[in-house]
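Now for the letters of each chain:
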Amino acid sequence: MRLLPAKNHPRRHRTRPSPHLVRRRRLQSHTVERRRRRQGRQRQAHSHLTDQLLCGEPDLPPDALPPFHCCPPPAPASEPVNFTFPDPAEPLRVRRPAHAAADDMARYARAVALMKALPPSDPRSFYQQASVHCAYCAGARRQAGRPELAVQVHYSWLFFPFHRAYLYFFERIAAKLLGDPGFAVPFWSWDVPEGMRIPAEFADEASPLYDPIRNPRHAPPKVVNLDYSFVDKNYTDEQQIQLNLRIMYKQMVTNSPLPSLFYGQPYRAGDPERPGAGTVELCPHNAVHWWVGDVSRPNDEDMGVYYAAARDPVFQAHHANHDRLWEAWRGIRGDHRAGFTDPDWLDSSFLFYDEEARLVRVTVRDVLDVGKLRYAYDNSVGMPWLAARPPTTAGVSHGRGDLRSITFPVSLDAAVSVEVTRPGTPRSRSEEEVLVIDGIEANGADFVKFDVFVNAMEYEKVGLGGREMAGSFLSPKHPGMEVGKRAVKTSMRVALNDILEDLGVEGDDSVTVTLVPVRGKVRVGGLRIVYMAG
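Residues numbered from 1 in each chain as written. Predicted model: local features only at pLDDT ≥ 70, side-chain atom pairs only at ≥ 80, totals over all residues. Heavy atoms only, no water.

Once that is clear, we can look at the sheet that holds strand 14 (residues 510-519). Ordered in space as 9-14-11-12, the 4 strands form an open sheet in which the pairing is antiparallel. Every interior strand has two partners, whereas the edge strands, strand 9 (416-421) and strand 12 (469-475), have only one. Between one strand axis and the next, the sheet turns by 25 degrees as a mean value, whatever way the strands run. Pairing geometry for strand 9 and strand 14, over 6 bridges, is antiparallel. Looking at the pairing, valine 416 lines up with leucine 515 of strand 14. Packing against the sheet, helix 7 (residues 279-292) makes contact with strand 11 (448-454) and strand 12, and its axis sits at approximately 50 degrees to strand 12. (Pairing = 2+ DSSP bridges. Helix = DSSP H or I, 4+ residues; strand = E, 2+ residues; numbered from the N terminus. Axes fitted to C-alpha atoms, helices over the stretch in contact; angles between N-to-C directions. Contact = heavy atoms within 4.5 Å.)

On to the packing of aromatic side chains, then. All told, the structure shown has 37 aromatic pairs when counted by the stated rule. For the ring pair phenylalanine 162 and tyrosine 166, a centre distance of 6.5 Å and an interplane angle of 35 degrees mean the geometry is tilted. Of this pair, phenylalanine 162 and tyrosine 166 both sit in helix 4 (residues 159-178), 4 residues apart, which is roughly one turn of that helix. When sorted by exposure, phenylalanine 162 lands in the same class as tyrosine 166, which is buried. Judged by centre distance (5.8 Å) and plane angle (85 degrees), the rings of tyrosine 375 and tyrosine 377 are edge-to-face. (Phe/Tyr/Trp six-rings, centres within 6.5 Å; stacked < 30°, edge-to-face > 60°. Buried < 20%, exposed > 50% of the residue type's maximum accessible area, 1.4 Å probe, protein only.)

Counted under the stated rule, the structure contains 2 disulfides. Note that cysteine 55 is cross-linked by a disulfide to cysteine 71, the S-S spacing being 2.0 Å. Sign of the S-S torsion, about -95 degrees for the bond between cysteine 55 and cysteine 71, identifies this disulfide as left-handed. Residue cysteine 55 is found in the loop between helix 1 (19-46) and strand 1 (81-82), and its partner cysteine 71 is found in the loop between helix 1 and strand 1; the two are separated by 16 residues along the sequence. Each sulfur in the disulfide pair cysteine 70 and cysteine 134 lies 1.7 Å from the other. Here cysteine 70, found in the loop between helix 1 and strand 1, pairs with cysteine 134, found in helix 3 (residues 126-137); they are 64 residues apart in sequence, far enough to count as distant. As far as the burial class goes, cysteine 70 and cysteine 134 line up, both buried. Listing the disulfide partners of the protein chain by sequence rank of the bonded cysteines yields 1-3, 2-4. With no disulfide of its own, cysteine 137 lies closest to cysteine 134 among cysteine sulfurs, the gap being 7.9 Å. (Disulfide = S-S within 2.5 Å.)

Okay, structure coming up:
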């Protein structure tokens, strides 16, 4: 459309409004504009949800073990201070694999002993460091501007950055106490065959790294089960290692082609907790926590439940490996697909005490570059799971003719198979086809797990870690979120591109999805397949 010059516009006669009406309109306009600006400032201040000092009592399960408080000691009025990067001239701290770093493990043991010797009121003490995780994971921390809502750093895009920040400050406190600026926390490399056992130093009863509240049946040389669901399978070590490597391939490669699938779903101020976990958080993260915890305890303490997990010194080594896997994933995908640009993610912040016992506010954007944080990983362990693409299982029936009608929501009291229609338009090369499991309601009074199979109604025939087993949902206990009260409400996503290719069904109009309950009570609201782009 071409606009005429102003002089060629015909003159229109307009009735002149009364001066009182004009003034009222101007006042209303100014009032609306002020309200919009105020609301904009409020959205800017509170769009990210963790920038606050509020901390209350945690939600603890029945039969919880003392101590029962998570909040840090009060900070001076001048704090918190904003995070600043360490001096680039500082020594580069190199985190090494625990199974091959005896000297580093000895220094870690001395550091934990020094932290345990500090008064419990000292924010650098091991007691207080364990409480930090409890506060952010058991409902003690409250949302910015919404004190009635708790902060939960699990099951969302905050999982990786929070735990990176936690380890950063823990490590610097340990280095300060040791008088060793080059100290780094060793990582427990449970994703590689040589690291798939709890490092021996953690099992030494005379060591500060020993925690008596663990599953004694899983002490070394027992191989970790990355598919653990409170039942020990009769696998040989070779079979267990093979299964673990295939799970790692699924979670790090097949199911993590996009940032939202790897990190988890957006979580902003005012949002309900647990919008949806990333692939690695669901498994192997949760599975390893459960596997280490003491099943004789009602809540699988210490490692098996949020409030107590960081009381076990293996927690830091466990999460150092997750942090290493974050760096590995960024390397696999490339930096251009390795994060979010959303300021609600980048500006979300957490509070930690540093090595000088100062309360520091650190944002997600502060922890994205490990080089600026002055640490790195010894990657000599490699990533053998990159060569463990799961095989398909011959002779497994899709069974579409045997499908019965299912009305959602449905309780997973038994396996449920559903034919799910794929999008009608072709996907682009940059898009991922994703199965979305909506409206998951898990019983927070129990540990919950269900498996997801694609085109395998005869799921019992699927081989160990077979391609048809697309993923697993795992949820630990969440006090106060029992079915019938306020169940854990979340979602799950499974990437399909590689699976459909390997099964040879890229041209099909639909797929058969089978949900198999493994433990606990859970309801599912629906299934759908969508295209997602990075």
